[in-house]
Amino acid sequence: MGNDRKVAMIAGGLTTFAKARRDATQEELVMEAARMAFFNNDLLIDPLDVKRMVDGVVVSYFSDHFERQLLFGATIRDYLGLNPNQGVRIEGGGATGGLAIKAGYEMVKSGDADLVVVAGFEKMSEVSTAKGNEFIALASDTDFDFPVGGYYTAYYAAMATRYIHEFGITEKQMAKVGVKNRNNAQYNPFAQTNAKNPYATKSTSGFVTLKDVLNSEKIAYPLKRLDCCLMSDGAAVAILAEESLARKLSKKPVTIRGVGSGTDTMRLADRPTWKGGLLMDDLLLPHEKPEWYENMVYPGFHSFRAGRKAAKMAYQMAGIRNPLEEINVVELHDAYTSSELQTYEDLGFARYGEGGKLIDSAPFDEEKGIFKEVNPALAGRVHINPSGGLIGCMHAVGATGIAQTVSVFWQLQEKIPKFYGNPVLQVKNPRMGLVHSHAGTGTDVAVIVMDRGW
Amino acid sequence: MADNNNLIVDLPYHINYRHSYGKVSPYFVGLKNKKILGTICRNKEKHRSKTELLFLPPRADCPECMAEIKEWVDLTDNEFRLYTYTIAYFASESFLNQVPYILINVEVVGYDTSYSKLTSTLVINEQGEINIKPEEIRIGMKIKPKFRDVPLESITANSVYFVPAEKP
Ligand SMILES: [Zn+2]
């Protein structure tokens, strides 16, 4: 389907994520990330000449409530000096950033643009944490769910309770995800929980053990503080180009092989619980057998149908038959440790119900309560959230999906040592990467599959 | 704070919304009258599931067959079971003074409840009702609705809550 134009990513930039970036406004944060994207990505011609070729802009931010400035897309395009190019603002809750990358991809793929800047940010520190939680909760149903005391950690916790009930997942398996991601983040200088981050606070940074996660403060049963991501201030920028142009601008353009997105009901309460629902919605992946799922209630509260739909679309476009065999590096939306396990299944890295087994596949030192290696390969094959994910980096909503994309982009270019200042998290010889960006109990999910284009 | 590099000021912002509950207003009026009302679409042949679909929270229009739904069902005395739960120790600003509280989803027994697992709260220590400990809460346990007496003009979904209907 469609034309044969291909889209590649040629540059990425990030700010350090921080609990509070009091030293910069939103547009100043975006400039920080954009400057890195243009000037630090080894572009083959003068970065300002590249900037003059930009003919489309996508701005990504989640919440007018947090920002207190409507039409912020105009501020960003103006501040980056990108007028009078075509522009659009994308919003899709927690998946805003991933959907923005997809929108940038579409702008180039359609031929409406050849060179697109995708710029995302969120500044969540200007209101109290409780008010911030409320603003996020306003992205759940405000007639039926928010007024009874609903907020996002609680919705995911209620999902986790049911996930445990359906599949026998354990709190320990969840906590292991927390250990993996938080400890990875200690080698990523952009991560909010990195103890060396100049904005880090002592109580929310540094290495953790299994015991630390399991004994951390209860937030919403079964989730504890170290099972959850926190709000953040930050920005991220990606530059996408039509492939032949991309080759002129970069020695190592990363080709976007597939994009997909999926959706589900606004209210978690309304998720279908039909037996065999996965087959009914035609969501079987090529390596799966119908008999695995013909009696399984789906999606229920245990699975993110939107994530599966997004993955299936992206895999089809990219020609992926078995994700575990073909994908080497993944940045996925681990807003909660439980949702990382659930997402392994949606993405087809584990059979539904077996997300816990995938985290258990990595060698773990029970005595020390940490993985034997930093950034362990799961099933001996795939590295998931090497950057530290949301649990390690935290969640500056409109920036997150773009930051994940930038991380996978640098992984595929093998430039992690350059940008992180150390080689620890660089996956060896990665060929294919995946980005998963997710919103509101799985109302919107975007998946992007990328590989080396050189 | 006076800081030449980094000036921070307070900008308060208050809003009152005059919100309409539209065609599902009967649900909220029902809460005032100590009733739980759902809507039901009986066009089963037109639904992918081939079942009648109960909507709780109610919907005025069926997402499966796009029909307007006129039929309300009184579920007050129906059997309800706990579909899932969490114990909230933290909350958004408006609910911080109520923690810990138990947020639940409710299963209405006897219907295709694919679209109908009402979000509510469970109170496990109410005087005169069955009292249980937090660790005794079980998915599948029977629960029953109770109603808060709130003036109609400030009624919200929080006007109904649940209590255990059986000892675990
Ligand atoms: Zn219908």
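Throughout what follows, the structure given in this document is the object of discussion. Every chain is numbered on its own, with residues counted from 1 as its sequence reads. Written order determines the labels here, with chains lettered from A and ligands numbered from 1. This being a predicted model, a pLDDT of at least 70 is required before a residue's local features are given, and a value of 80 or more before pairs of side-chain atoms are given or counted; all residues contribute to the totals for chains, interfaces and linings. The basis for every side-chain value is the complete set of non-hydrogen atoms in the structure, without hydrogens or water.

Description of the overall build of chain B
For step 1, the next point in the chain: By the criteria applied, helices consist of DSSP H or I runs no shorter than four residues and strands consist of E runs no shorter than two, each listed in order from the N terminus. Summing up its helical and strand segments, chain B has one helix and eight strands in all.
For step 2, the next point in the chain: Listing each helix as α and each strand as β along chain B from the N terminus yields α-β-β-β-β-β-β-β-β.
For step 3, the next point in the chain: Its C-alpha atoms give chain B principal-axis dimensions of roughly 70 × 40 × 30 Å.
For step 4, the next point in the chain: Relative accessible area decides the class of each residue, using a 1.4 Å probe on protein chains only: under 20% of the type maximum gives buried, over 50% gives exposed, and in between gives partly exposed. Taken over 168 residues, chain B has a buried fraction of 47%.
For step 5, the next point in the chain: By definition, residues are in contact when any of their heavy atoms lie within 4.5 Å. Pairs at least 24 apart in sequence give 53% of the contacts found in chain B among residues at least 6 apart.
For step 6, the next point in the chain: Every accessible area reported is derived by Shrake-Rupley at a probe size of 1.4 Å, with residue values counting cover from the shown protein chains alone. Carbon and sulfur atoms provide 49% of the accessible area of chain B, an area that totals close to 9,200 Å².
For step 7, the next point in the chain: Charge counting follows a simple rule: Lys and Arg are positive, Asp and Glu are negative, and His as well as the terminal groups are ignored. To locate a charge, take NZ of a lysine, CZ of an arginine, CG of an aspartate or CD of a glutamate. Across chain B, the centroid of the 21 positively charged side chains sits 5 Å from that of the 21 negatively charged ones.

As for the packing of helix α1 (residues 26-39) of chain A against helix α4 (residues 72-79) of chain A
Residues and elements named next belong to chain A.
For step 1, the next point in the chain: Between α1 and α4, the shortest axis-to-axis distance is 10 Å and the interhelical angle comes to 45°. The orientation of α1 with respect to α4, classified from their angle, is oblique. Crossing handedness for the pair α1 and α4: right-handed. Residue-level contacts link Q26, E27, E28, V30 and M31 of α1 to F72, T75, I76 and Y79 of α4.
For step 2, the next point in the chain: The class makeup of the residues in the contact of α1 with α4 is five nonpolar, two polar and two charged. Axis definition: a line fitted to C-alpha atoms, over the contacting stretch in the case of helices. Angles run 0 to 180 degrees between N-to-C directions. Orientation labels follow simple angle bins: below 35 degrees gives roughly parallel, above 145 gives roughly antiparallel, 65 to 115 gives roughly perpendicular, and whatever is left gives oblique. Helix crossings get a hand from a simple test, with the near helix turned counterclockwise from the far one by less than a right angle marking a left-handed crossing and a clockwise turn marking a right-handed one. Three classes are used: nonpolar for Ala, Val, Leu, Ile, Met, Phe, Trp, Tyr, Cys and Pro, charged for Asp, Glu, Lys and Arg, and polar for all others, with Gly counted as polar.

Observations concerning empty space enclosed by the protein
Residues and elements named next belong to chain A.
For step 1, the next point in the chain: A 1.4 Å probe that fits into a set of points on a 1 Å grid over the protein atoms alone but cannot get out defines a cavity; an open set with protein on both sides within 12 Å along at least five of seven lines defines a pocket, and lining residues are those with an atom within 4 Å of a point. Grid points are joined across faces, edges and corners, and a volume is the space filled by probe spheres set on the points. Inspection of every chain in the model, using the stated rule, returns four cavities of 30 Å³ or more.
For step 2, the next point in the chain: Each pocket or cavity is described by its volume, and for the largest cavity that value is around 130 Å³.
For step 3, the next point in the chain: When contributions to the lining of the largest cavity are tallied by element, the ones reaching two or more residues are α17 (389-393) and α18 (397-413).
For step 4, the next point in the chain: Per element, the largest residue contribution to the lining of the largest cavity is four residues, and it comes from α18.
For step 5, the next point in the chain: The class makeup of the residues in the lining of the largest cavity is eight nonpolar, seven polar and one charged.
For step 6, the next point in the chain: Forming the walls of the second largest cavity are R182, T204, R225, L226, C228, L230, I391 and M394.
For step 7, the next point in the chain: Within the lining of the second largest cavity, the residues separate by chemical class into five nonpolar, one polar and two charged.

Brief notes about the side chain of N158 of chain B
For step 1, the next point in the chain: The residue N158 of chain B is located in the loop between β7 (142-147) and β8 (160-164) in this model.
For step 2, the next point in the chain: On the accessibility criterion, N158 of chain B (17% relative accessible area) is buried.
For step 3, the next point in the chain: The contact partners of N158 of chain B, leaving out residues within four places of it in the chain, are P147 and V148 of chain A together with F95, T121 and R148 of chain B.

Description of the packing of aromatic side chains
For step 1, the next point in the chain: The criterion for an aromatic pair is that two Phe, Tyr or Trp rings (for Trp, the six-membered ring) have centres within 6.5 Å, with stacked assigned to planes under 30 degrees apart, edge-to-face to planes over 60 apart and tilted to the rest. Summed over all chains, the structure comprises 28 aromatic pairs over all chains.
For step 2, the next point in the chain: Relative to F28 of chain B, the ring of F144 of chain A lies with its centre 5.3 Å away and its plane at 35°, an arrangement referred to as tilted. Of this pair, F144 of chain A sits in the loop between α6 (129-137) and α7 (152-167) while F28 of chain B sits in helix α1 (residues 25-32), placing the two residues on different chains.
For step 3, the next point in the chain: On the basis of relative accessibility, which here comes to 4%, the residue F144 of chain A falls in the buried class.
For step 4, the next point in the chain: Centre to centre, the rings of W292 of chain A and Y293 of chain A are 6.0 Å apart; their planes meet at 90°, and the pair counts as edge-to-face.

Concerning the packing of helix α8 (residues 171-185) of chain A against helix α15 (residues 337-346) of chain A
All names here are of chain A.
For step 1, the next point in the chain: Across the interface, α8 lies against α15 with an axial gap of 8 Å and an inter-helix angle of 100°. Considered as vectors, α8 and α15 are oriented roughly perpendicular to each other. For the pair α8 and α15, the contacting residues are Q173, M174, V177, G178, K180 and N181 in the first and T337, S338, E340, L341 and Y344 in the second.
For step 2, the next point in the chain: Class assignment for the residues of the contact of α8 with α15 results in four nonpolar, five polar and two charged.

Some details on α1 of chain B
Residue and element names in this part refer to chain B.
For step 1, the next point in the chain: For α1, the full list of buried residues reads Y27, F28, G30 and L31. For α1, the buried positions fall inside an angular range of 155° around the axis, keeping them on one side.
For step 2, the next point in the chain: Where α1 is buried, its residues touch β1 (37-41), β3 (72-74), β7 and β8.
For step 3, the next point in the chain: Two residues or fewer past α1, K34 is found with a positive phi of approximately 60°. Relevant arc is that of directions from the helix axis to the C-beta atoms, nothing else.

Description of the coordination of the zinc ion
Residues and elements named next belong to chain B.
For step 1, the next point in the chain: Metal-coordinating donors are taken as N, O and S atoms lying within 2.8 Å of the metal, or within 3.2 Å when the metal is Na, K or Ca; because water is left out, some sites can appear incomplete. Of the protein atoms, only C41 (SG), H47 (NE2), C62 (SG) and C65 (SG) coordinate the zinc ion, at distances of 2.0 to 2.3 Å.
For step 2, the next point in the chain: Four donors are marked tetrahedral only if all angles between them lie between 85 and 135 degrees, whereas four are marked square planar and six octahedral if opposite donors are more than 155 degrees apart and the other angles lie between 65 and 115; the remainder are marked irregular. Considering all four donor atoms around the zinc ion, the spread of angles at the metal, 103 to 120°, places the coordination shape in the tetrahedral class.
For step 3, the next point in the chain: All donor residues of the zinc ion come from one chain, and their arrangement in sequence is C-x5-H-x14-C-x2-C. Assigned by exposure class, C41 and H47 land together as buried.

Observations regarding a nonpolar patch on the surface
For step 1, the next point in the chain: A surface patch of nonpolar side chains, about 220 Å² in accessible area, is lined by L44, I45 and M53 of chain A.
For step 2, the next point in the chain: One can find M53 of chain A in helix α2 (residues 47-53). Nonpolar side chains (Val, Leu, Ile, Met, Phe, Trp, Tyr) within 5 Å and like charges within 9 Å form the patches, drawn only from residues with over 30% relative accessible area and no salt bridge. By convention in these notes, a salt bridge is any Lys or Arg side-chain nitrogen within 4 Å of a carboxyl oxygen on Asp or Glu.

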